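One-letter residues, chain by chain:
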Amino acid sequence: QGQCDAAMQNAVNAVTSAGSVVVVSAGNSNADASGFSPASCNGVITVAATTQTGSKAYYSNYGSTVDISAPGGAYGVDTAVLSTINTGLTAPALSGYSTKQGTSMAAPHVSGLVSLMLSVNPNLTPANVLALLQQNSTPFPASGGCTTANCGSGIANAAATLNALAEPPPGDTQPSPFGWATITDVASNSWVTSQPIVLNGLDTSAPFTVSNGFIILNLSLIHISEPTRPY
């Protein structure tokens, strides 16, 4: 508890200026996150917790410093979040699973999504990442205690965020080898003839068909009587 101090802010500034994204928990005191560190630091992505239905988890901190929310679970309300654990009480023992609740469960959802985003585009800046997360978040349910004023922009949505990063295939920038003019504004489901197709050196008049804009050659009908050359 306590506002972000100079030492913490300087640490955040150093790692974000190096290109890293800092994701932090809002805290579990059902209080304004502006009074907690590092949730109140500048340059971090502060995550509040929601229940399975998208309502504010009863323990989650809130406020204007929260950037986005994610599932954190709530005992007695839903099944909480299944997480990996170590079964040792005083020393490492066997690995296992357990259900947990908290903004410490919510923040890893966002951290994982950020990692996926950077795997698609490693050049994203921390500001880019936050903007994409917020622009593609799921709106809060109408009644549930969370609004954009106290729980951030919405609930992190992995599918929508990654779809927004999907890059369209590069355009064909190669010049036409035939010198044909480019035709634009073609109506859907219409055929366009750019130039007559003429094939020379074939001993049959129609060894090809046209399907969906592609020429399909019937090789069994083609007998080239001249030396091989590109057509």
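Look above for the structure.
Below or above, wherever it landed, is the structure these notes cover. (Residues numbered from 1 in each chain as written. Predicted model: local features only at pLDDT ≥ 70, side-chain atom pairs only at ≥ 80, totals over all residues. Heavy atoms only, no water.)

### As for the sheet that holds strand S1 (residues 23–25)
Point 1. Across the sheet, which stays open at both edges, the three strands sit in the order S1-S2-S3 with parallel pairing between neighbours. The two strands at the open ends of the sheet, each matched to only one other strand, are S1 and strand S3 (68–71). Averaged over all pairs of adjacent strands, the angle between strand axes in this sheet comes to 45°, irrespective of strand direction.
Point 2. When S1 meets strand S2 (residues 45–50), the two strands line up parallel, connected through three bridges. (Pairing = 2+ DSSP bridges. Helix = DSSP H or I, 4+ residues; strand = E, 2+ residues; numbered from the N terminus. Axes fitted to C-alpha atoms, helices over the stretch in contact; angles between N-to-C directions.)

### Some remarks on the state of the cysteines
Point 1. As enumerated under the stated definition, the model contains two disulfides in all.
Point 2. Here Cys146 pairs with Cys151 through a disulfide, and the sulfurs are 2.1 Å apart. Judged by the sign of its S-S torsion, about -75°, the bond between Cys146 and Cys151 is left-handed.
Point 3. According to the relative accessible area criterion, Cys151 is buried, its value standing at 1%.
Point 4. Look at the protein chain and number its bonded cysteines as they come in the sequence; the links are 1-2, 3-4. (Disulfide = S-S within 2.5 Å. Buried < 20%, exposed > 50% of the residue type's maximum accessible area, 1.4 Å probe, protein only.)

### Topic: the side chain of Asp78
Point 1. Checked against the element boundaries, Asp78 lands in the loop between S3 and strand S4 (81–86).
Point 2. In this structure, Asp78 is buried with no salt-bridge partner, the nearest side chain bearing the opposite charge being Lys56 at 13 Å.
Point 3. Of note is the side chain of Asp78, whose polar atom sits 2.9 Å from the backbone nitrogen of Ala74.
Point 4. Ignoring any residue separated from it by four or fewer positions in sequence, one finds Asp78 in contact with Thr51, Gln52 and Gly73. (Lys, Arg positive; Asp, Glu negative; His and termini not counted. Salt bridge = Lys/Arg side-chain N within 4 Å of Asp/Glu carboxyl O. Polar contact = N/O pair within 3.5 Å; in protein donor to acceptor, adjacent residues only side chain to side chain. Contact = heavy atoms within 4.5 Å.)

### Concerning helix H1 (residues 6–17)
A turn of α-helix holds 3.6 residues, and therefore any two residues three or four places apart point the same way.
Point 1. Helix length check: H1, at 12 residues, gives a terminal C-alpha distance of 16 Å against a target of 16 Å (1.5 Å per residue), a fit within 8%.
Point 2. On its buried face, H1 is in contact with helix H3 (126–135). (Expected span 1.5 Å × (residues − 1).)

### Things to note about the environment of Gly35
Point 1. As for its placement among the helices and strands, Gly35 is situated in the loop between S1 and S2.
Point 2. Here Gly35 falls in the partly exposed class, since its relative accessible area comes to 25%.
Point 3. With 33 residues separating them along the chain, Gly35 and Gly2 place their C-alpha atoms 5.2 Å apart.
Point 4. If sequence neighbours within four positions are ignored, Gly35 has contacts with Gln1, Gly2 and Gln3.

### Observations concerning the nonpolar core
Point 1. In this structure, Ile45, Val47, Val110, Met117 and Leu133 are the most contacted members of the largest nonpolar core, which totals 22 residues.
Point 2. Elements with a minimum of two residues in this core: S2, S3, helix H2 (103–120) and H3.
Point 3. Examining the composition of this core, we find that six residues originate from one element, H2, more than from any other.
Point 4. In this structure Ile45 touches Val21, Val22, Val23, Val24, Asp67, Ile68, Val110, Val129, Leu130 and Leu133, once residues within four positions along its chain are discounted.
Point 5. Ala26, Phe36, Ala39 and Ala48 belong to the second largest nonpolar core, which has six residues in total. (Core = buried A, V, L, I, M, F, W, Y, C linked by side-chain atoms within 4.5 Å.)

### Things to note about the side chain of Ser69
Point 1. If you trace the backbone, Ser69 turns up in strand S3.
Point 2. Within the local environment of Ser69, its side chain forms a polar contact with the backbone oxygen of Cys151, the two atoms lying 2.8 Å apart.

### Description of H3
Point 1. Every buried residue of H3 is accounted for by Val129, Leu130, Leu132 and Leu133. Seen from one end, H3 has its buried residues packed into an arc of 165°, which puts them on one side. Across H3 from its buried face, at more than 90 degrees, point the exposed residues Ala127 and Gln135.
Point 2. Buried positions along H3 lie against S2, S3, H2 and helix H4 (158–165). (Arc of directions from axis to C-beta.)

### Regarding the packing of H2 against H3
In helix packing, the relevant descriptors are the interaxial angle and the interaxial distance, both defined with respect to the helix axes.
Point 1. Interaxial distance between H2 and H3 falls to 11 Å at its minimum, and their mutual angle equals 115°. One way to sum up the angle between H2 and H3 is to call them roughly perpendicular. Crossing of H2 against H3: the hand is right-handed. Along its contact with H2, which presents Val110, Leu113, Val114, Met117 and Leu118, the element H3 presents Val129, Leu132 and Leu133.
Point 2. In the contact of H2 with H3, the residues fall into eight nonpolar, no polar and no charged. (Parallel < 35°, antiparallel > 145°, perpendicular 65-115°, else oblique. Left-handed = near helix turned anticlockwise from the far one by under 90°. Nonpolar A, V, L, I, M, F, W, Y, C, P; charged D, E, K, R; others polar.)

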